[in-house]
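# Secondary and tertiary structure notes
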Amino acid sequence: MSLLAIEDLTLSIGPTPILKSIDLSIAPGEVMGLVGESGSGKSMTALTLMKLLPDGARVDGRALFDGVDILAAPEAAMCRLRGREIGMVFQEPMTALNPVKTIGEQVAEGIRWHTGANRPDAEARARLMLERVGLPEQKFPLTRYPHELSGGQRQRVVIAIACALKPKLLIADEPTTALDVVLQKQILTLLRGLVEENGMSMLLISHDLAVVAEMADRLTIVRHGTVMETGETSRILSEQAHPFTRQLAEASTHVPARARGLEPSPVSEPLLEVRDLTRNYSLRRSRVFGRETMFRAVNGVSFSLAAGQKTALVGRSGCGKSTLARMILALDPPSSGSIRFQGEEICGVSEEALRPLRREMQVVFQDPYGSFDPRHRAERLVAEPLHLLNQRPDARRRRDLVAEVLEQVGLSPADMDKYPHEFSGGQRQRLAIARAIITRPKLIIADEPVSALDVSIRAQILDLLADLSDSLGVAYLFITHDLTVARAITDTTMVMHEGEIVETGPTEVVLGNPKSDAAKALVAAAPNLKMSLEKAVARATRD
Amino acid sequence: MIPYLLHRLASAVATLLLASLVVFAVLEILPGDPARLMLGLNASPEAIETLRTQMGLDQPVVVRYLEWLYGMVTGDFGRSLTYSSPVIDLVEERLAVSLPLALMALTLSTIIAIPVGVFAAARRGRPADTVAMGLAQFGVAIPNFWFALLLVYVFAVGFRLVPAGGFPGWGETWSSHGQAFQALVLPAVSLALPQAAILARVTRSAVVEVMGEDFIRTARAKGLPQRIVLWRHALRNALIPVLTIMGLQFAFLLAGTIIIENVFYLPGLGRLIFQAISQRDLIVVQGVVMLLVASVILINLMVDICYAVVDPRLRDGR
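Heads up: these notes are all about the structure in this document. (Residues numbered from 1 in each chain as written. Chains lettered and ligands numbered in written order. Predicted model: local features only at pLDDT ≥ 70, side-chain atom pairs only at ≥ 80, totals over all residues. Heavy atoms only, no water.)

## Some thoughts on the overall build of chain A
Helix and strand counts for chain A stand at 19 helices and 20 strands. Whereas a compact globule of 543 residues would reach a radius of gyration of roughly 24 Å, chain A reaches 25 Å, a difference of no more than 12%. In terms of its C-alpha atoms, chain A occupies a principal-axis envelope of roughly 70 × 60 × 50 Å. Sorting the 543 residues of chain A into buried and exposed places 53% on the buried side. Considering only residue pairs separated by 6 or more positions, chain A has 70% of its internal contacts joining residues 24 or more positions apart. When the accessible surface of chain A is totalled, it reaches about 23,400 Å², and 50% of it is carbon and sulfur. Charge separation in chain A, taken as the distance between the mean sites of 65 positive and 68 negative side-chain charges, equals 3 Å. (Helix = DSSP H or I, 4+ residues; strand = E, 2+ residues; numbered from the N terminus. Rg over C-alpha atoms; globule rule 2.2 N^0.38 Å. Buried < 20%, exposed > 50% of the residue type's maximum accessible area, 1.4 Å probe, protein only. Contact = heavy atoms within 4.5 Å. Areas by Shrake-Rupley, 256 points an atom, 1.4 Å probe, with all protein chains shown as cover. Lys, Arg positive; Asp, Glu negative; His and termini not counted. Charge placed at Lys NZ, Arg CZ, Asp CG, Glu CD.)

## Quick look at the interface of chain A and chain B
Between chain A and chain B, the residue contacts involve 31 residues of the former and 25 residues of the latter. Across the chain A/chain B interface, buried area totals approximately 2,600 Å², and carbon plus sulfur atoms make up 59% of it. By the criterion of area lost to chain B, the three top residues of chain A are A:V100, A:E109 and A:W113, representing 22% of everything that side buries. The interface formed by chain A and chain B holds three salt bridges in total. In this structure, the salt-bridge partner of B:K222 is A:E109, at a minimum N-O distance of 2.8 Å. Along the contact surface separating chain A from chain B lie 14 residue pairs in polar contact (both at pLDDT 80 or more). Here the side of chain A that touches chain B is composed, by residue class, of 16 nonpolar, eight polar and seven charged. (Buried area = accessible area lost by both parts, 1.4 Å probe. Salt bridge = Lys/Arg side-chain N within 4 Å of Asp/Glu carboxyl O. Polar contact = N/O pair within 3.5 Å; in protein donor to acceptor, adjacent residues only side chain to side chain. Nonpolar A, V, L, I, M, F, W, Y, C, P; charged D, E, K, R; others polar.)

## Comments concerning the side chain of A:E448
Position of A:E448 relative to the elements: it lies in the loop between β17 (443–447) and α15 (455–472). If we ignore the near neighbours within four places in the chain, the residues touching A:E448 are A:K321, A:Q366, A:I479, A:T480 and A:H481.

## A look at a nonpolar patch on the surface
All names here are of chain B. On the surface, F145, W146, L149, L150, Y153, V154, F155, V157, F159, L161 and I259 cluster together into a nonpolar patch covering about 1,100 Å² of accessible area. Ranked by residues supplied to the nonpolar patch, first place goes to helix α7 (residues 144–158) with eight residues. On the secondary structure map, L149 appears in helix α7. Residue classification places L149 among the partly exposed residues on the basis of a relative accessible area of 48%. (Patch = residues over 30% accessible without salt bridge, like charges linked within 9 Å, V, L, I, M, F, W, Y side chains within 5 Å.)

## Here we look at the pairing of strand β19 (residues 492–497) of chain A
Residue and element names in this part refer to chain A. Counted residue by residue, β19 has five buried out of six residues, so it is predominantly covered. Judged from the six bridges that link them, β19 and strand β20 (residues 500–506) form a sheet pairing that is antiparallel. When the bridges of β20 are listed, T493 appears paired with G505. Turn length for the β19-β20 hairpin, with the two strands adjacent in sequence and antiparallel, is two residues, and the turn residue E498 shows positive phi of about 45°. (Pairing = 2+ DSSP bridges.)

## Focus on the packing of helix α12 (residues 269–278) of chain B against helix α13 (residues 282–310) of chain B
Residues and elements named next belong to chain B. Interaxial distance between α12 and α13 falls to 9 Å at its minimum, and their mutual angle equals 145°. Once α12 is placed against α13, the crossing between them reads as left-handed. Taken together, the residues of α13 that come into contact with α12 (itself represented by L269, L272, I273, A276 and I277) are V284, V285, V288 and L292. (Axes fitted to C-alpha atoms, helices over the stretch in contact; angles between N-to-C directions. Left-handed = near helix turned anticlockwise from the far one by under 90°.)

None of this, on its own, says anything about what the molecule does.
Put into structure tokens, the structure is as follows:
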């Protein structure tokens with residue numbers, strides 16, 4: 001007898017079909033992994049179970065949860081179900097909590113609503129729950145506000161809300177996609193612990209096969225709103241019978257094939273040389289006339305980069321990677337130290353003097369949605385850096401240049417008249433890369449360029465970046481928390497921890513045999529499909 | 001929270017000083033010698049000179065500014081040339097009408113606007129929303145003096161519930177308080193209508209925006225019904241733009257009500273300014289303008305404090 005049985009579930013929003021005849025069942029105490037690319041309907045399946053679909057959604061089929069027909073249940077019945085019988089954890093912890101209410105209020109609210117407990121009792125239970133998810137009283141009193149917590153801590157609060165009443169089913173929709181690998185591991189361990197000790201079932205949704213493989217008893221693989229394959233995790237992963245499953249598995253561990261680049265000649269002057277770079281931020285003062293406390297985001301960092309070299313800068317979120325990148329891009333002034341690019345100092349130089357350097361140094365950001373003005377056409381967006389050239393090209397030459405780079409990044413020249421919203425996430429990241437290479441720079445700084453993308457699209461973008469490095473001979477500084485990305489594309493890896501570079505070396509060596517604790521933690525936490533498969537097989541044979 | 005408040009307070013005082021400098025400077029530059037104005041066209045130069053010395057007009061500009069500023073701080077706004085009485089008394093008399101009127105209108109518009117805005121937001125795109133927002137559009141579009149005349153026709157002339165105009169003064173007894181209050185009811189309603197219409201639209205769009213946020217989905221996933229989520233989670237987050245508009249409206253209601261004051265024959269602040277300007281009574285203009293600037297700054301300070309009460313993130317701002 002299954003806890004949840006979805007049969008022939010069809011969903012359309014307006015005229016767009018989202019789900020086509022989904023079948024899915026979860027037994028009590030079972031962890032079901034739901035895997036697919038973005039847009040495949042995973043999140044909509046979850047929202048259908050909660051009946052929190054957007055306006056204009058039309059649902060058909062059957063969804064039986066613990067004897068209740070969810071699709072036919074009236075709103076009042078669903079309110080009793082949500083939070084009490086079905087808990088839900090969301091992808092984006094930064095926005096999932098109400099900014100004007102304390103974490104105590106937010107955890108206690110559901111408890112009070114469902115059990116009718118008075119405020120002190122509900123708060124006592126909330127206190128216990130927060131302890132359980134790893135937010136102890138001394139450091140995280142109930143009176144804390146969400147903005148005083150980091151992303152990982154906020155996700156723990158969201159988990160506390162979802163599990164406060166020990167629901168029978170926990171839905172976790174990409175619960176770790178927005179977090180770094182070490183936090184991902186911690187959150188997944190926490191979720192597994194909660195599920196096991198309360199005998200809950202879990203629907204774990206992710207685009208990354210490696211993330212769910214380690215957790216799930218069974219897997220359901222979806223694509224374009226249809227179930228491709230379903231079954232035991234060990235069987236699905238070892239057989240990889242379905243071509244799409246194979247594709248997902250490959251994407252998850254993808255390494256671009258690339259021509260071994262020429263070893264940079266050691267005598268040549270380095271392209272980029274950073275020495276003793278430090279950046280302080282002043283924190284808020286505790287008292288009005290108290291001394292300002294300083295937070296040292298980057299602390300005495302020195303390294304150099306040769307022309308054409310591909311270097312990864314890896315570290316956990318908040319370790320100072322992005323601050324370092326912003327200083328190299330001359331977007332943020334260092335507190336002390338020096339940055340020399342092509343032999344020229346860039347700290348404290350006027351914007352006018354920076355112009356020729358900016359041409360040689362371009363950037364690709366993480367968020368392909370936020371980094372384009374939605375009201376400009378692709379041509380204008382991609383051509384933006386051309387104003388850095390001494391001789392601006394005329395309109396025709398400009399179109400030619402844009403067409404050329406669009407082809408280089410795998411888009412069509414015809415795309416230049418489209419607006420950003422007409423492109424998918426992966427295509428937008430291609431657009432961002434096109435914008436970065438149009439001035440033929442010597443260095444591209446890529447800040448988490450594939451973290452916001454699905455594994456399968458991630459693989460394509462990594463291929464593209466590898467190709468471009470070979471054909472253009474450009475150097476990369478690749479900022480990431482994801483080691484598979486570092487492994488895929490770079491020769492050298494620097495590990496950053498609490499503002500300092502703690503380990504540097506050839507990528508294979510650093511990732512294969514890490515020396516520093518920070519590097520070891522990153523390597524240990526990285527999702528690994530092969531190891532997950534071994535564990536799943538071991539679990540299956542043990543049972 | 002304390003550093004935030006001190007910071008706001010310091011910037012309020014700085015703004016006030018800057019504004020006083022501007023007000024003083026403008027009246028310095030404007031043509032017209034107060035002494036000559038007071039004594040009329042036929043006065044002898046000697047008499048004018050004597051009066052100038054008496055009024056301190058022969059002092060250097062800096063000294064006069066500081067004396068004027070000191071007077072402002074101690075409540076001495078100078079003497080009106082046309083009314084022959086201290087400006088502070090004139091202002092006090094008028095404020096006794098304008099301040100209660102502004103408060104009544106603001107309260108009324110808030111009581112109407114916020115529920116209507118939230119109601120419309122909750123039923124976004126449905127007929128109730130369309131009707132509510134259509135009415136709000138109507139409320140913005142009606143000239144308020146016309147609406148005032150309509151109110152007078154119905155409630156004062158037709159039902160004879162309230163007086164059609166005039167202000168009897170607050171008096172000493174409860175019944176005279178009541179009469180004064182009655183005299184302000186129709187003006188307050190006619191001032192509140194367009195304000196409520198604007199505020200309702202602002203509230204609606206702010207709530208609609210907040211309802212699309214992720215944390216609303218989290219609250220719904222806890223099992224809270226839509227209605228409770230709306231009031232407990234959405235409204236407080238939507239309050240920032242609403243408070244901003246309310247602050248602007250209150251400042252307008254204090255002095256920008258001259259048309260309504262004229263319709264109802266009310267001796268309010270708006271009329272005082274209007275008369276002072278038309279009679280070139282610069283001392284009164286200077287005093288009242290300064291007072292209004294001060295009250296706008298004070299209102300903004302209160303709005304800033306409300307922001308911090310509503311949104312904990314702002315309390316830590318530097």
